[in-house]
Amino acid sequence: MAAKRRFQTVKGMRDLLPGEAGTFAQVEATARRVFTLYGYREVRTPVVEDTDLFVRGVGEGSEIVGKQMYTFDDKKGRSLTLRPEGTAPVARAYLQHDMASWPQPVKVFYMGPYFRYERPQAGRYRQFSQIGAEVIGDPGPHTDVELLVMLLRFLEALGFEDLEVGINSVGDPECRQLYSRRLREFLEPHRDELGADSRRRLETNPLRILDTKAPGERQLLEAAPHLREVLGAPAREHFQVVCGQLERFGVAYRIDDRLVRGLDYYTRTVFEITSGALGAQDAILGGGRYDGLIGELGGPAVPGIGFAIGEDRLVDVLPDSSRLRAGRTAPVCVISVGPAALDVALELAEDLRVADVAAISEFAAGSLKAGLRKAGRRGCRWVVLVGEDEIAADTVVLRDFESSTQETVRRDEFVVTVKARVSA
RNA sequence: GUGGAUGUAGCUCAACCGGUAGAGCGCUUGAUUGUGGUUCAAGUGGUUGGGGGUUCAAGUCCCCUCAUCCACCCCA
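Within every chain, residues take consecutive numbers counted from 1 along the sequence as written. For this description, chains carry letters from A and ligands carry numbers from 1, given in the order in which they are written. For a predicted model such as this one, the threshold for reporting local features is a pLDDT of at least 70, and the threshold for listing and counting side-chain atom pairs is 80 or more; totals across whole chains, interfaces and linings nevertheless cover every residue. Here the side-chain values reflect all heavy atoms present in the structure, with hydrogen atoms and water set aside.

Caption draft 1: Quick look at the protein's contact with RNA strand B. The cutoff for a nearby residue is simple: one of its non-hydrogen atoms must lie within 4 Å of the molecule or strand. Close contacts around RNA strand B come from 47 residues, with R119, R201, R208, R261 and S404 the closest. Between RNA strand B and R261, the relevant distance is 2.4 Å, taken from a phosphate oxygen to a side-chain nitrogen or oxygen of the residue. A 3.5 Å cut-off defines polar contacts: any pair of N or O atoms within that distance qualifies, except that in protein one atom must be a possible hydrogen donor and the other a possible acceptor, and neighbouring residues in sequence count only when both atoms are side-chain atoms. Here a sugar or linking oxygen of RNA strand B sits 3.4 Å away from a polar atom, N or O, in the main chain of A308. Helix numbering and strand numbering both begin at the N terminus, where a helix is a DSSP run of H or I of at least 4 residues and a strand a DSSP run of E of at least 2. Elements represented by at least two residues in the surface near RNA strand B include exactly β6 (127–136), α7 (196–204), β10 (283–289), β11 (304–310), α13 (368–377) and α14 (388–393).

Caption draft 2: Region of interest: the packing of aromatic side chains. Here a pair means two rings of Phe, Tyr or Trp (six-membered ring of Trp) with centres within 6.5 Å. Their orientation is stacked below 30 degrees between planes, edge-to-face above 60, and tilted elsewhere. Counted according to the given criterion, the structure contains eight aromatic pairs. An aromatic cluster of at least three residues, connected via ring pairs, comprises F35, F109, F154 and F307. For R14, the ring lying beneath its charged end belongs to Y125, and the centroid distance is 4.2 Å. A cation sits over an aromatic face here: R126 above Y117, 3.8 Å from the ring centre. We count a charge as sitting over a ring when the NZ of a lysine or the CZ of an arginine lies within 6 Å of the ring centre and within 35 degrees of the ring normal.

Caption draft 3: The domain arrangement of chain A, seen in detail. Domain assignment breaks chain A into domain 1 (18–172 + 232–322) and domain 2 (332–423). Domain segmentation is taken from an automatic or database assignment of domains. Inter-centroid distance (C-alpha atoms) of domain 1 to domain 2 is 49 Å.

Caption draft 4: Examining the layout of surface pockets more closely. The volume enclosed by the second largest pocket comes to roughly 320 Å³. With a 1 Å grid spanning the protein atoms alone, the term cavity applies to any set of points in which a 1.4 Å probe fits but cannot get out, the term pocket to an open set with protein on both sides within 12 Å along at least five of seven lines, and the term lining residue to any residue with an atom within 4 Å of a point. If you trace the second largest pocket, you find 18 residues lining it, with R176, S180, N205, L207 and D264 closest to the centre. With five residues, helix α6 (residues 173–187) is the single largest residue contributor to the lining of the second largest pocket. Under the convention adopted here, Pro, Cys and the residues Ala, Val, Leu, Ile, Met, Phe, Trp and Tyr are nonpolar, Asp, Glu, Lys and Arg are charged, and Gly plus all remaining residues are polar. Residues of the lining of the second largest pocket, tallied by class, amount to eight nonpolar, five polar and five charged. Grid points are joined across faces, edges and corners, and a volume is the space filled by probe spheres set on the points.

Caption draft 5: Spotlight on the sheet that holds strand β4 (residues 79–82). Between any two strands, at least two bridges found by DSSP are needed for them to pair. In space, the three strands of this open sheet follow the order β2-β4-β3, with antiparallel pairing throughout. The open sheet terminates on both sides in strands that have one partner only, identified here as β2 (48–50) and β3 (70–73). With direction set aside, neighbouring strand axes in the sheet form an average angle of 35°. Strand direction decides the pairing type here: β3 and β4, joined by four bridges, are antiparallel. From the neighbouring strand, T71 faces β4, where its bridge partner is T81. Axis angles are defined between N-to-C directions and span 0 to 180 degrees, where every axis is a line fitted to C-alpha atoms and, for a helix, only to the segment in contact.

Caption draft 6: Structural detail: the state of the cysteines. A pair of cysteine sulfur atoms is labelled a disulfide when the two atoms are within 2.5 Å. All chains considered together, the criterion is met by zero disulfides. The cysteine C333 is free of any disulfide, with C380 supplying the nearest cysteine sulfur at 4.7 Å.

Caption draft 7: Geometry of unusual backbone geometry. Residue P105 is reached from Q104 by a cis peptide bond, and omega for that bond is -5°. As for its position among the elements, P105 is in the loop between α4 (87–96) and β5 (106–115). One non-glycine residue with positive phi stands out, namely D98, at about 45°. Mapped onto the fold, D98 is located in the loop between α4 and β5. Accessible area is worked out with a 1.4 Å probe on protein chains only. A residue is then buried under 20% of its type maximum, exposed over 50%, and partly exposed in between. Accessibility expressed as a relative area gives 44% for D98, which makes it partly exposed. Positive phi values are uncommon outside glycine, yet R268 reaches one of about 50°. Within the secondary structure, R268 is located in strand β9 (residues 267–274). R268 sits in the buried class, given a relative accessible area of 14%.

Caption draft 8: Representation of α7 within the structure. Listed as buried for α7 are S198, R201 and L202. Take α7 and look down its axis: the buried residues cluster within an arc of 115°, on one side only. Opposite the packed face of α7, turned more than 90 degrees from it, sit the exposed residues A196 and T204. In this description, contact between two residues means that some pair of their heavy atoms is separated by no more than 4.5 Å. Tucked into the core, α7 has its buried residues touching α3 (63–67), α6 and α8 (215–221). Comment: arc refers to directions from the helix axis out to C-beta atoms.

Caption draft 9: Examining the confidence of the model for chain A more closely. As a per-residue quantity, pLDDT reports the predictor's confidence and falls between 0 and 100. On average, residues of chain A score 91 in pLDDT, and 97% of them are at 70 or above. Confidence, read as mean pLDDT per element, is least for α7 in chain A (82) and greatest for strand β1 (residues 41–42) (98).

Caption draft 10: Main features of the pattern of salt bridges. Definition used for salt bridges: Asp or Glu carboxyl oxygen within 4 Å of a side-chain nitrogen of Lys or Arg. Scanning the entire structure with this criterion turns up 30 salt bridges. A salt bridge links E347 to R411, with the shortest nitrogen-to-oxygen separation between them at 3.1 Å. Residue E347 is found in helix α12 (residues 342–354), and its partner R411 is found in the loop between β16 (405–410) and α15 (414–423); the two are separated by 64 residues along the sequence. The exposure class assigned to E347 is partly exposed, which follows from its relative accessible area of 42%. Judged by relative accessible area, which is 22%, R411 ranks as partly exposed.

Caption draft 11: Representation of the sheet that holds strand β12 (residues 332–336) in the model. Pairing in this open sheet of five strands is mixed, and the strands run β13-β12-β14-β15-β16 from one edge to the other. In this open sheet, the two edge strands, each paired with only one partner strand, are β13 (359–362) and β16. With direction set aside, neighbouring strand axes in the sheet form an average angle of 25°. Pairing of β12 with β13, which is carried by four bridges, proceeds in the parallel orientation. Its bridge partner being in β13, V332 is matched across the sheet by A359. Its contacts with the sheet put α12 on β12, β13, β14 (382–386) and β15 (395–400), and the angle it makes with β12 is roughly 165°. On top of the sheet, α15 reaches β12, β14, β15 and β16; it is set at about 150° to β16, its chief contact.

Here it is as structure tokens:
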């Protein structure tokens, strides 16, 4: 009774068909170009890592580690996890390959699939693509600024305008502890006005209450102490330099007191860019400094900063100018008329490609008419026709769909002719 | 994990108060012998997501399940 089952993508995962995949490829090419301009180099880390890397790196208290990881045991009983984010793996690679012995700071970028087991929603998938970059080994604020300028440059290159980055400082661990205590003291009297989630966070991670969406809680928080008011001198100065330099470079930013990120490793500078066009999942990118992460993973006290762009969301709101035009495959279509021409058509198409002219071959056309129709539907502008007549005369017919004209050219000259027409 | 909406041909959708499915697009072919895009015509295509129940009869009502979408949550 094996019901015929239609296979489909698993929940929260999707196919990117040619049009969309092409757009993704363009976005990625732009990222490579711009990031390389800033001296970053690409790294590729495995999709699977030791589960503990994320528990230690991202933080046990984070939601990601708490409930969203694809974790499984391999055949030897090792606990492995599909990477839910990109920074911890890069930090791991930094330590594993002793990049501390490279010229500091190390600047890398990466792109690829990430996995989080969450309920799918607009702009949220269980497998999603991120484009990220990290600078490891420089504690100074100018690095933060350069990273942000690069980010904006990249978005500009994609045609985005008027993007504003939200920025904040979550301080060093000491200021954060102090602030957590203050916030807790402030909220404690209003305990019963808080939702269940926020009440729980009051104990575990008070900072996260700041980015609540509940209107009542938001109102309550307006009178709450500000994180930046309790920043220690080093963190405060760092933040001031960052803001000052951003201004100097004309980066549109907005200080957002409520901006706290969900990953435990962030310190000092944190930022994100959101888009109103995205629905509830409106963050298209986020990042920040993580001066304690490398140490947390067992390495020396090396500072770092980085960001991750949600490529799927970015593509969702991509300006039309950067969207790949759909339809067109190759400009030239080689059509064989009748079975006798198949061998020749195969050869002609290959001759074109050798000469660096993109060509698609149409072997299966039932009739010449059908072949031409297909060529048109594929978006080809030029058609090379061969049939018995052409073979006998040692010629081919070159037709231009745009002007609806055609010419007969000698077989030994057709590559040159086609190339000239196509590039004209 | 919680809530809401939806699930009919490859795609977008239709089918009144239950009477065993239809359109457009697409795809294939044809409109005389080797010439596309327009037009016209024909053809192709669905055990109405799956399972169970109520009924003489279910795409239409009820239950379960799966999936999709949206929100909470979380974050990219």
